[in-house]
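Below, each chain spelled out in residue letters.
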Amino acid sequence: MSWQTKAHFRDRVDAGRKLARSLDRFRHDDVVVIGLPRGGVVVAYEIAHALAAPLDVCVVRKLGAPVQPELGVGAVAEGGAIYINRDTMSLAGVSDEELDALVAEKTQEVDERVQRLRRGHAPVDLRGKTVLVVDDGVATGGTVQAALRHLRACGAHRLVLAVPVGATESLHDLEKLADSIVCPFPEDDFIAVGLWYDNFSATTDDEVVRLLARQRTDNERVDHRNLAAPRKSDRVRRPATREVQIALPSGHGWMGGTLDIMPNACGLVAFAHGSGSSRYSVRNRYVAGELHRAKIATLLFDLLTEEEERVDRVTASMRFDIDLLACRLVVATDWLRAEAEVRELPFGLFGASTGAAAALVAAAKRPGAVRCIVSRGGRPDLAGDDLLLVKAPTLLVVGGEDTEVLELNREAFDRLACEKSIEVVAGASHLFEEPGALEVVAQLASRWFHSHFADATHGHGARTNSAAG
């Protein structure tokens, strides 16, 4: 695919409106939207408007190397938060003295811009709030790092980074600072944010000021209406998702995980990540977020311990040890089936890459526990003869351009003796990184899980086998 065809958004307004659809689950949280000036504020305004939430800015300035100003060696944010990339600093030959001068210069610029953009208005109080941190995209992530550090220091209860598109590697680094990340289009071979926009013209300070003022006015009108009569949407609130951090024993250490649950959930899905990934997989987290919208609880956890992950990064051996990964999934399954809060929920597995094979093997080992399975770009062929033992209805989702894996999925599909379906996402590659491809995966998974969880809840009979191409 040429970069000329990469543009997916008409402009930042279009990006903000599309991104807002992925953030609707935060509508009834105590939420504040923070835009990163300047371009990120245009995206953030559309989200704040859609959620009827307060809008503010976090002013950040990149620290450009003296000889190569376009090369960022770090960033400074209002409130004194600083992020320094020592590796880039060393590569660019920036001395400590030059860095100190840069920090002093950019700190002064930050202070001046804060005054210019807020026009005397106090910052929105973030204490105890869910804060959506919005930019028009993430390339290196330096300015976002500084912003997240500052916003955390301001007392934010939960930090959610929301961007239309971003470099996968940078997003992975930012997972250490954000509680969650919403990025519909993560890109492995990332070149520039602007390539995703038809119109990526510069945003002015005056436009930022205008958008902040407009959202303050809109919120005041909403507050006034609420005093007169509560909105219908307020009377029927979507239940908030509660995040629980867990640790599961593996026999060789502990596997970390994140359990997201909500009142009246219709089911629970455990994610088995793919080769060389973890529970922080941006793609799996995106799919999990869409499942939350469908009132499906999720568990994302690491199939390997921290020590095993260090070994695997060098040897790449454990990520293909399907028996080991399946055993870890069985541990998680047994733990969930014993937990009082979730044990009555219909249970499913979502597997990616080698994690899909592990999910199938685990389902064969726990036929009474696993209600249904979805595989995203998986390697079900690696489940071997266990394919014949799988009883849970299984959906295989494969990219149309992922020809080798598609053939392996078709061969595995023929061996499955359960209810089954295969969906080919036209134009999608192995990682479903094309615009809109991951959305299709999330929709297919949500429908599959909902359908079979409903069967479990209402006691429907067996469904007929099917195959969709």
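Residues numbered from 1 in each chain as written. Predicted model: local features only at pLDDT ≥ 70, side-chain atom pairs only at ≥ 80, totals over all residues. Heavy atoms only, no water.

Considering the overall build of the protein
And step 1. Within the protein, the secondary structure is distributed over 14 helices and 18 strands.
And step 2. Here the analysis covers contacts within the protein between residues at least 6 apart in sequence; of these, 69% occur between residues at least 24 apart.
And step 3. Working note: accessible area of the protein is about 20,500 Å², and carbon and sulfur atoms make up 49% of it. (Helix = DSSP H or I, 4+ residues; strand = E, 2+ residues; numbered from the N terminus. Contact = heavy atoms within 4.5 Å. Areas by Shrake-Rupley, 256 points an atom, 1.4 Å probe, with all protein chains shown as cover.)

Digging into the packing of aromatic side chains
And step 1. Counted according to the given criterion, the structure contains 6 aromatic pairs.
And step 2. Ring geometry for Y197 versus F200: centroids 5.1 Å apart, planes at 40°, classification tilted.
And step 3. On the numbers, 4.8 Å between centres and 35° between planes, the contact of F271 with F350 is tilted. One end of the pair, F271, is in strand β13 (residues 267-272); the other, F350, is in strand β15 (residues 347-352), with 79 residues separating them in the sequence. (Phe/Tyr/Trp six-rings, centres within 6.5 Å; stacked < 30°, edge-to-face > 60°.)

A few points about unusual backbone geometry
And step 1. Cis geometry marks the peptide bond from P37 to R38, where omega comes out at 0°.
And step 2. Here R38 lies in the loop between β1 (31-35) and α2 (39-51).
And step 3. The phi angle at S353 is positive, at roughly 55°, despite the residue not being glycine.
And step 4. Structurally, the position occupied by S353 is in the loop between β15 and α12 (354-365).
And step 5. Judged by its relative accessible area of 14%, S353 falls in the buried class. (Buried < 20%, exposed > 50% of the residue type's maximum accessible area, 1.4 Å probe, protein only.)

Some details on the pattern of salt bridges
And step 1. Overall, the coordinates contain 23 salt bridges when judged by the stated rule.
And step 2. In this structure, the salt-bridge partner of R86 is D96, at a minimum N-O distance of 3.6 Å. One end of the pair, R86, is in helix α3 (residues 86-91); the other, D96, is in helix α4 (residues 96-118), and 10 residues separate them in sequence.
And step 3. For D96, a relative accessible area of 46% translates into the label partly exposed.
And step 4. The shortest N-O distance in the salt bridge between D206 and R119 comes to 3.9 Å. Taken together, the positions of D206 in helix α7 (residues 205-228) and R119 in the loop between α4 and β6 (130-134) put the pair 87 residues apart, joining distant regions of the chain.
And step 5. What emerges from the salt-bridge pattern is a single network uniting R38, R113, R116 and D205. (Salt bridge = Lys/Arg side-chain N within 4 Å of Asp/Glu carboxyl O.)

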